[in-house]
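# Per-entry structural report
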Amino acid sequence: MSRRLEPLPPALAFAVFTAAEARAAGVSAQRLRGSDITRLGWGVYSREDYQLTERAIVQAYGRSDPAVVAHGFTAARAWRLPLPFTDVHWENEGVRSPVHLNSTASRRRSGSLVRWSSFALSPEETASSHGMLLTARVRTWMDLAPRLSHDDLVRIGDHLVRHPRPRYEHRHAPYATPAQLEQLLREHRGRGARKLREVLRDVRVGADSPAETTLRLAILRAGLPVPHLNVFLRAGGASLGQADLSWPEWKVCVEHEGPSHLDRDQQDQDIQRGERRRHHGWIEVQTTAKDLRGGCARGLRRITEALRRQGWRG
């Protein structure tokens, strides 16, 4: 008959903790071999009754060493930068990709759980979030340059420079301006520097989502007119709302139907707005994820048809 495990002390109320924290809380080496504890790596453990997340792992290493900085894809997920894949979310249960950490205080051995780096970072290149140290958003974008495609990096760049909606995001300034990015890249000599300078030529203020950036890039490559991004449309004294992409000259606009449009109240507002636009002679093209597949082939066809119906001769 197995012996009943003694409860872990309240001082160890972390999803992930270190051996040093366990010792300080009075937990013996034998207790660490209990069935409710999993050894994740050298000197690092997780509790079965807590959710194991990438965030919990970073916090545990940060508590043990204040010099530890999350970087790369780990920092990108923490900042919720628009990445091209969603295999791991910062706060989702389970960790299926290595956690990327950096420390110059001591050399560390990488394993399947953590990939260690030891490059120097200036104070301006790091930022604190929820008690953790991360590479700042712009530095994270620069670090990802060798690993992501041109369009992936443009989507992140658009995310960095977009003007926030204070009502929903509780901030008033963008994470960076195009001028700030240009200045940083002028001085950047690391891997991917040339690639990022090319990327910056395609970064624009105004796209509110990665889908909008994807559509914009496809539209430009197809030779269609350059769209306005998230500008308010008016017809006389009537407000026609803010369109994701629009061509006022031809009275054509695009609204991408993402997850936020599934809300019933939002759907009602969208329907009323569409009716007002049609009443004033506009064509509203509503796109979905299917329109973005295959290089946005279906979306481009529908947008091209709408522009030509409204008089575009391209």
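Keep in mind that what you see is a predicted model, and the values were worked out from it rather than measured.

What follows deals with unusual backbone geometry. Leave glycine aside and you will find that most residues have negative phi; peptide bonds, for their part, are mostly trans. Residues other than glycine seldom take positive phi values, yet His 170 does so here, at roughly 55 degrees. Assessed through its relative accessible area of 68%, His 170 is described here as exposed. For Asn 230, which is not a glycine, the phi torsion comes out positive at approximately 50 degrees. Within the secondary structure, Asn 230 sits in strand β9 (residues 228–235). Residue classification places Asn 230 among the buried positions, given a relative accessible area of 11%.

Our next topic: the sheet that holds strand β1 (residues 16–18). The strand order across the open sheet built from three strands is β1-β3-β2, with neighbouring strands paired in antiparallel fashion. Bordering the open sheet on either side are β1 and β2 (37–41), each of which pairs with just one other strand. Ignoring which end each strand starts from, the neighbouring axes of this sheet average 35 degrees apart. Packed onto the sheet, helix α2 (residues 54–64) meets β1 and β3 (44–47) and runs at close to 25 degrees relative to β1.

Before going further, it helps to examine the pattern of salt bridges. Evaluated as defined, the whole model comprises 22 salt bridges. Notably, a salt bridge pairs Asp 49 with Arg 47, separated by 2.9 Å at the nearest N-O pair. Here the salt bridges share partners, and the residues they tie into one network are Arg 162, Arg 165, Glu 169, Arg 171 and Asp 208.

Mapping Asp 65 onto the fold places it in the loop between α2 and β4 (69–70). Ignoring sequence-local partners within four residues, the contact set of Asp 65 consists of Ser 103, Ala 105, Ser 106 and Arg 108.

Before going further, it helps to spend a moment on the packing of aromatic side chains. A full pass over the atoms with the stated rule returns two aromatic pairs. For the pair Phe 17 and Tyr 45, a centre-to-centre distance of 5.8 Å together with 20 degrees between the ring planes defines the contact as stacked. Here the residue Phe 17 occupies a position in strand β1, and Tyr 45 occupies one in strand β3, the gap between them amounting to 28 residues. Look at Phe 17 and you get buried, because its relative accessible area is 0%. Residue class for Tyr 45 comes out buried when judged on its relative accessible area of 13%. Measuring from centroid to centroid gives 5.4 Å for Tyr 61 and Trp 116, while their planes differ by 80 degrees, and the two rings are edge-to-face. Highlighted residues: Tyr 61 in helix α2 and Trp 116 in strand β6 (residues 114–117), separated in sequence by 55 residues. Trp 116 carries the same exposure label as Tyr 61, and that label is buried. Above the ring of Phe 14, the side-chain terminus of Arg 63 is found at 3.6 Å from the ring centroid. The ring centre of Tyr 175 lies 4.0 Å from the NZ or CZ of Arg 137, which sits over that ring.

Now for the sheet that holds strand β10 (residues 238–247). Read from one edge of the open sheet, four strands run β9-β10-β11-β12, paired in mixed fashion. Two strands lie at the open edges of the sheet, namely β9 and β12 (283–287), each paired on one side alone. With strand direction ignored, the average angle separating the axes of adjacent strands in the sheet is 45 degrees. The pairing of β9 with β10 spans six bridges and is classified as antiparallel.

Reading the values: the criteria
- Residues numbered from 1 in each chain as written.
- Predicted model: local features only at pLDDT ≥ 70, side-chain atom pairs only at ≥ 80, totals over all residues.
- Heavy atoms only, no water.
- Buried < 20%, exposed > 50% of the residue type's maximum accessible area, 1.4 Å probe, protein only.
- Helix = DSSP H or I, 4+ residues; strand = E, 2+ residues; numbered from the N terminus.
- Pairing = 2+ DSSP bridges.
- Axes fitted to C-alpha atoms, helices over the stretch in contact; angles between N-to-C directions.
- Contact = heavy atoms within 4.5 Å.
- Salt bridge = Lys/Arg side-chain N within 4 Å of Asp/Glu carboxyl O.
- Phe/Tyr/Trp six-rings, centres within 6.5 Å; stacked < 30°, edge-to-face > 60°.
- Lys NZ or Arg CZ within 6 Å of the ring centre and 35° of its normal.

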